[in-house]
Amino acid sequence: MGCCVSSFLTETHPEKDDQHHHNNSHNTQNPPFSHPSPSGGADGAAAGGVPSFSEFSFSDLKAATNNFSSDSIVSESGEKAPNIVYKGRLQNRRWIAVKKFTKMAWPDPKQFADVVFSPSHSYSFDCFEEAWGVGRLRHRRLANLIGYCCDGDERLLVAEYMPNDTLAKHLFHWENQTIEWTMRLRVALYIAEALDFCSTESHSLYHDLNAYRVLFDEDGDPRLSCFGLMKNSRDGKSYSTNLAYTPPEYLRNGRVTPESVIYSFGTVLLDLLSGKHIPPSHALDLIRDKNIMLLMDSHLEGNFPIEEATTVVGLASQCLQYEPRERPNTKDLVAKLSLLKNKPDVPSYVMLGIAKHEDAPPTPQHPLSPMGEACSRMDLTAIHQILVMTHYRDDEGTNELSFQEWTQQMRDMLEARKRGDFAFRDKDFKTAIDCYSQFVDVGTMVSPTVYARRSLCYLLCDQPDAALRDAMQAQCVYPDWPTAFYMQSVALAKLDMHKDATDMLNEAAGLEEKRQKVGRGAS
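Just so you know, these numbers come straight off a predicted model, no measurement behind them.

Draft legend 1. Inspection of the overall build of the protein chain at higher detail. Of the regular secondary structure elements, the protein chain holds 21 helices and eight strands. Put simply, the protein chain has 523 residues, and 54% of those count as buried. Looking at the protein chain alone, contacts between residues at least 24 apart form 68% of all its contacts between residues at least 6 apart. Element-wise, carbon and sulfur atoms account for 50% of the exposed surface of the protein chain, whose accessible area totals about 24,100 Å².

Structure follows, in structure tokens:
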């Protein structure tokens, strides 16, 4: 059955979280938090349906990861890693990546949870301060940070889940095919764009950039993990890789600078060129001796333009310069790599040789009613007509009111619902939301129809998160009501969660079929 949970509110609507958060002292100190649109126009647009940065309870994350099961571990270093990343699924059906810190990584909860923003961007930021800053970022080239947990001794970060593995897996441990040259160029460009966006948004420091930090989303597009924008602990190292790959200035003073990030980007370019994780010093020796072909990945079998390979080799050499001031900046990287961009019309999943995620739901398993047909094709106008015609007949039996309960407050509440019905009928959906919200907020009566109607209003106002929440609340009131499941299906589809939408559509159709059989048996 579909999920009916109050935690969905805190996962998708942090602006309403005050009454749901733990009674931590920082709740009264936090300034209002907003999420401005990232700069960069279309390039700055986040992937559709990314929720705002918010607080999660430890119990929610424990349930999402099956009690932090070893089967849910997705970090390359496995159970022995100092900070493990798990794959999880929230009760609202969203897949997430959960980074769980060790007990001693952030021993003082104030270090993790105090929000005292420093404009200096010094290197003494507390993790939570950094998390709030990173959580503000939204970009299609990032695996975006969507939340955190600070519960007792537990410290966790929550990000979008990327289902198609890491660059390291596709470069070093591939099974069916190696990454073709054009896709390698796309990876380099997209990661450069991610770093340039972060730099523009005053997040120019990235810790331990390497092939394991590059992730592939459901469309096969490469994204940069947001976890690298923060340190692994209060006093932890910024580089966990072999010292041979570490920027020389970090070895001297132990500090990460924007130029250090460029050096690390150079090591990723070497990975893309060679298909191996080779020490920069060895690669630079080959470059100086003009043995470029010895550097190139033999699995490419020469299927790359030598001019393009020479350009990327030259860019890698610039990034790996010993003196930080001699390295290019992120805008230089984007400008040079953009010139090499080709096959723009070929999707990434094709070049990676992976299956494309479903864009549309497959054929339902049960015959669909008119409501089901409208939901399957996401015809909001038809759904509106059906809900108007159905009126409140499905609410029968959901409320038993005594004579004493017919107070003035009750009359006002029913009047608010009536105004909402008129607005809903007249397609004034914003007014309908306001009126239905007045009805819901009183709480004396519960109406699954009101939740379904308000859910549709939210969909028509382009608020699918809120629509899904209302559809789930309708299910809470009336657990076997097909309409509640149908509305969840449409909201999930709007959130690009197409497989879940199909499952919910089939569940609704099954409930409707069962209801019809019971009706025929009774007659």
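Draft legend 2. Region of interest: the sheet that holds strand β4 (residues 142–143). Reading across the sheet, the three strands line up as β4-β8-β7 and stay open at both edges, with mixed pairing between neighbours. One side of each edge strand has no neighbouring strand; the edge strands of this open sheet are β4 and β7 (214–216). Pairing analysis gives three bridges linking β7 to strand β8 (residues 222–225), with the strands arranged antiparallel. In the sheet register, Val214 faces β8, and the bridge partner there is Leu224. Each of β4, β7 and β8 is contacted by helix α6 (residues 181–200), which is oriented at about 40° to β8, the strand it contacts most.

Draft legend 3. Spatial organisation of helix α15 (residues 380–390). Three or more residues of α15 are buried, namely Leu380, Ala382, Ile383, His384, Leu387 and Thr390. Following α15 by one or two positions, His391 adopts a phi angle in the positive range, close to 55°.

Draft legend 4. Broad picture of the sheet that holds strand β2 (residues 84–89). Strand order in the open sheet made by the five strands is β1-β5-β6-β3-β2, with mixed pairing throughout. The open sheet has two free edges, formed respectively by β1 (54–55) and β2, since each of these has just one partner strand. Judged from the six bridges that link them, β2 and strand β3 (residues 95–100) form a sheet pairing that is antiparallel. In the sheet register, Val85 faces β3, and the bridge partner there is Lys99.

Draft legend 5. Up close: the packing of aromatic side chains. In total, this model carries eight aromatic pairs according to the counting rule given. For the ring pair Trp95 and Tyr161, a centre distance of 6.4 Å and an interplane angle of 45° mean the geometry is tilted. Linking Trp95 in strand β3 with Tyr161 in the loop between β6 (154–160) and α5 (167–172), this pair joins segments that are 66 residues apart in sequence. Classification of Trp95 as partly exposed rests on a relative accessible area of 38%. Given the relative accessible area of 19%, Tyr161 is considered buried. Ring centres 6.5 Å apart and planes at 55° place the aromatic pair Phe424 and Tyr436 in the tilted group.

Draft legend 6. Main features of the packing of α6 against helix α8 (residues 258–274). Between α6 and α8, whose axes approach to 10 Å, the crossing angle comes to 170°. For the element pair α6 / α8, the angle class is roughly antiparallel. For the pair α6 and α8, contact is made by Trp181, Arg184, Val187, Ala188, Ile191, Ala192 and Leu195 and by Val261, Phe265, Leu269, Leu272 and Leu273, respectively.

Draft legend 7. Structural context of the pattern of salt bridges. Under the definition given, this model contains 18 salt bridges. One salt bridge in this structure joins Arg223 and Asp217, with 3.1 Å as the shortest N-O distance. Residue Arg325 is joined to Glu323 by a salt bridge in which the shortest nitrogen-to-oxygen separation is 3.4 Å. A relative accessible area of 69% places Arg325 in the exposed class. Salt bridges sharing partners connect three or more residues here, namely Glu160, Asp217 and Arg223.

Draft legend 8. Broad picture of the packing of α6 against helix α12 (residues 330–338). Between α6 and α12, whose axes approach to 8 Å, the crossing angle comes to 150°. With respect to each other, α6 and α12 are oriented roughly antiparallel. The interaxial crossing formed by α6 with α12 has left-handed handedness. Residues Ala188, Leu189, Ala192, Glu193, Leu195, Asp196, Ser199 and Thr200 of α6 form the contact with α12, whose own contacting residues are Thr330, Lys331, Leu333, Val334, Leu337 and Ser338. Classifying every residue of the contact of α6 with α12 gives seven nonpolar, four polar and three charged.

Draft legend 9. Structural view of unusual backbone geometry. In this structure, Asp208 is a non-glycine residue whose phi angle is positive, near 60°. Looking at where Asp208 falls in the secondary structure, it is placed in the loop between α6 and β7. The buried category is assigned to Asp208, whose relative accessible area is 4%. Located in the positive-phi region is Glu301, a residue other than glycine, with phi close to 55°. With a relative accessible area of 66%, Glu301 lands in the exposed category.

About the cut-offs
- Residues numbered from 1 in each chain as written.
- Predicted model: local features only at pLDDT ≥ 70, side-chain atom pairs only at ≥ 80, totals over all residues.
- Heavy atoms only, no water.
- Helix = DSSP H or I, 4+ residues; strand = E, 2+ residues; numbered from the N terminus.
- Buried < 20%, exposed > 50% of the residue type's maximum accessible area, 1.4 Å probe, protein only.
- Contact = heavy atoms within 4.5 Å.
- Areas by Shrake-Rupley, 256 points an atom, 1.4 Å probe, with all protein chains shown as cover.
- Pairing = 2+ DSSP bridges.
- Axes fitted to C-alpha atoms, helices over the stretch in contact; angles between N-to-C directions.
- Phe/Tyr/Trp six-rings, centres within 6.5 Å; stacked < 30°, edge-to-face > 60°.
- Parallel < 35°, antiparallel > 145°, perpendicular 65-115°, else oblique.
- Salt bridge = Lys/Arg side-chain N within 4 Å of Asp/Glu carboxyl O.
- Left-handed = near helix turned anticlockwise from the far one by under 90°.
- Nonpolar A, V, L, I, M, F, W, Y, C, P; charged D, E, K, R; others polar.

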